Amino acid sequence: MDGSGFRLDRWSDRLVRESERRHAYDGEAVADWQRAFRADLIETLGFADRAEVALDARRLETTELADHERQKWEIRTEPGFRLPFYLLVPDEGSPPYPVACTVHGHTPIGKELYVGRTETDEQRAHVEEERRDVGLQAVRRGYAALVPDMRGFGELAAPEDRHAGGRSCQPMQLRGQLVGRSLVGDRVWDFRRLLDFAESRPELDTERIAVTGNSGGGTVTLFSAAVDDRIDVAVPVSYFCTFADSIGSIPHCACNYVPGILELGEMGDVAGLIAPRPFRAVHGREDDIFPVEATRRAFERLEEIYDAAGAPENCQLRVRDGGHRYYPEAAWPFIDAHLRESPGQ
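From a predicted model like this one, the values you see are computed outputs, not experimental measurements.

> I keep staring at a nonpolar patch on the surface and nothing clicks. Help me out?
Taken together, the side chains of Phe-6, Leu-8, Trp-11 and Leu-15 make up a nonpolar region of the molecular surface, amounting to roughly 430 Å² of accessible area. Tracing the backbone through its elements, the reader meets Leu-8 in helix 1 (residues 8–18).

> Before we go on, may I ask you to explain the sheet that holds strand 7 (residues 233–237) in this structure?
Paired through their backbone hydrogen bonds, the strands of a sheet run either parallel or antiparallel. Strand order in the open sheet made by the nine strands is 1-2-3-5-4-6-7-8-9, with mixed pairing throughout. Each having just a single partner strand, strand 1 (58–64) and strand 9 (315–320) make up the two edges of the open sheet. Taking each pair of neighbouring strands and ignoring which way they run, the sheet shows an average axis angle of 20°. Looking at chain direction, strand 4 (residues 97–103) and strand 5 (residues 144–148) are connected through three bridges and run parallel. Opposite Ala-100, over in strand 5, you have Ala-145 as the bridge partner. Lying over the sheet, helix 8 (residues 183–199) contacts strand 2 (68–78), strand 3 (81–90), strand 4, strand 5 and strand 6 (204–214), oriented at roughly 120° with respect to strand 2. Across the sheet, helix 12 (residues 328–339) is in contact with strand 4, strand 6, strand 7, strand 8 (279–284) and strand 9; its angle to strand 7 comes to roughly 175°.

> Would you mind showing me how to read the packing of helix 2 (residues 30–45) against helix 9 (residues 216–227) here?
Two numbers describe a pair of packed helices, the interaxial angle and the distance between the axes. In the contact formed by helix 2 and helix 9, the axes pass within 10 Å of each other and the chain directions differ by 130°. Relative to helix 9, helix 2 is oriented oblique. At the point where helix 2 passes helix 9, the crossing takes the left-handed sense. Judged by residue contacts, Arg-38, Leu-41, Ile-42 and Leu-45 of helix 2 engage Phe-223, Ala-226 and Val-227 from helix 9. Partitioning the contact of helix 2 with helix 9 into residue classes produces six nonpolar, no polar and one charged.

> What am I meant to see in the side chain of Arg-277 here?
The topology assignment puts Arg-277 in the loop between helix 10 (267–272) and strand 8. Although buried, Arg-277 forms no salt bridge, and the nearest oppositely charged side chain, Asp-229, lies 6.1 Å from it. Those residues in contact with Arg-277 that lie beyond four places of it in its chain are Arg-38, Ala-225, Asp-228, Asp-229, Ile-231, Asp-232, Tyr-306 and Asn-314.

Reading the values: rules and limits
Residues numbered from 1 in each chain as written. Predicted model: local features only at pLDDT ≥ 70, side-chain atom pairs only at ≥ 80, totals over all residues. Heavy atoms only, no water. Patch = residues over 30% accessible without salt bridge, like charges linked within 9 Å, V, L, I, M, F, W, Y side chains within 5 Å. Areas by Shrake-Rupley, 256 points an atom, 1.4 Å probe, with all protein chains shown as cover. Salt bridge = Lys/Arg side-chain N within 4 Å of Asp/Glu carboxyl O. Helix = DSSP H or I, 4+ residues; strand = E, 2+ residues; numbered from the N terminus. Pairing = 2+ DSSP bridges. Axes fitted to C-alpha atoms, helices over the stretch in contact; angles between N-to-C directions. Contact = heavy atoms within 4.5 Å. Parallel < 35°, antiparallel > 145°, perpendicular 65-115°, else oblique. Left-handed = near helix turned anticlockwise from the far one by under 90°. Nonpolar A, V, L, I, M, F, W, Y, C, P; charged D, E, K, R; others polar. Buried < 20%, exposed > 50% of the residue type's maximum accessible area, 1.4 Å probe, protein only. Lys, Arg positive; Asp, Glu negative; His and termini not counted.

What follows is the structure in structure tokens.
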């Protein structure tokens, strides 16, 4: 103490400034930099040594709807844990379908919101005003949509939290940290196993895979594409920023924090692991938990990496009027342009 009293912001700012960031991009050969960084990122996420178990995929139900079929599945992603998800299959077109993985953010009902299964006025407002029925958007554009629950939400919240209309992020994050895990890492692991499932399905074209989601879904979008090159196009919405100016400065749910991430690099560096694959960050100008000016700085950092990778045209930022929400008009045309024969449907 220097006599001025303890200030949390000063203390945390100093920690951020003094962090090592040993994989901050510094002009080296991109492929070599990515190889070393990706290995350390997977270690930091907490699943470097996690063994893959048999998926034991089970189809639980099938529902025929007006313009698509909604299948409910579950797979085993680790011993004693099963991931529930929807597979939405369009009525039009013919298989194999390009795949859009749509990853929800914070919502007590998890994947149900992304397929438009709302129960309350608040949930319906999330769909109507914030355009968070992203799985429905995907299947109505001709994609086969994979829509999983994220750990801590929906069927993957503790029963006592589900009954109270809440979520289980904090206890899952804190207890996982005791054994070197993080919720971001566990969600990315589940997503990787979901891609394994997709590769087992002949109706899914796993040479054309996009991932997109808003907020916490943007988190999983970014980190999954950074560590798994089976993803061809990544569009995080209402997330891409700097760690220092978002979760490092503004209160967020505990599930946003990856212990040790700033010892590796900033968010722009993490996104650089996606290069040269197509990447578009979409952001709201009035987003008050991921400040847009920091988003612009992160993007300038990312542009340097894409330039070095020889693919500057594949790196884009779109800023829209509005706050913390999903922006389909800025996300889907980019995905279409890279995965569809007829862009902009």
